[in-house]
Amino acid sequence: SAALSFSVAFFVSFGLQKFWTFRDKSTQKVARQTAFYFLVAVINLGLNTLLVYIFVDYLSVHKFAAKFIASGTIAIESFFVYRYVIFAKNDETEK
């Protein structure tokens, strides 16, 4: 059930980011975008874990506050990666 929920959440999130948030209607680069999106998701999982560990064990931040700060940081980072790397508009798609 965990793998199924991750898979469904991943594809729903990808679709919403691509077609709704960033209004990227192109279908030429979907496979490449999906692969990069998955890579960012895996990196963000590791980064989230690392940040929470650092905040709690080294900076003595409460675990819930640490999770909140780490998640917020990753949300901001993700937006810029999605906007300027994965779903970046080039000259051909803007016309």
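Residues numbered from 1 in each chain as written. Predicted model: local features only at pLDDT ≥ 70, side-chain atom pairs only at ≥ 80, totals over all residues. Heavy atoms only, no water.

J.: Lay out the packing of helix H2 (residues 30-58) against helix H3 (residues 63-86) with the relevant residues and their values.
T.: Running from N to C, H2 and H3 point in directions that differ by 155 degrees, and their axes come no closer than 9 Å. One finds that H2 runs roughly antiparallel with respect to H3. Relative to H3, the crossing made by H2 is right-handed. Its residues assigned to classes, the contact of H2 with H3 comprises 15 nonpolar, 6 polar and 3 charged. (Axes fitted to C-alpha atoms, helices over the stretch in contact; angles between N-to-C directions. Helix = DSSP H or I, 4+ residues; strand = E, 2+ residues; numbered from the N terminus. Parallel < 35°, antiparallel > 145°, perpendicular 65-115°, else oblique. Left-handed = near helix turned anticlockwise from the far one by under 90°. Nonpolar A, V, L, I, M, F, W, Y, C, P; charged D, E, K, R; others polar.)

J.: Outline H3, listing residues and values.
T.: Burial in H3 covers these residues: Ala-66, Ala-70, Ile-74, Ser-78, Tyr-82 and Ile-86. Where H3 is buried, its residues meet helix H1 (2-21) and H2. (Buried < 20%, exposed > 50% of the residue type's maximum accessible area, 1.4 Å probe, protein only. Contact = heavy atoms within 4.5 Å.)

J.: Quick rundown of unusual backbone geometry? Include the residues and the values.
T.: Within the chain, Arg-23 stands out as a residue other than glycine whose phi angle is a positive 50 degrees. Along the chain, Arg-23 turns up in the loop between H1 and H2. The residue Ser-60 is not glycine, and still its phi comes out positive at about 55 degrees. Note on placement: Ser-60 falls in the loop between H2 and H3.

Don't take any of this as a statement about function, it's just geometry.
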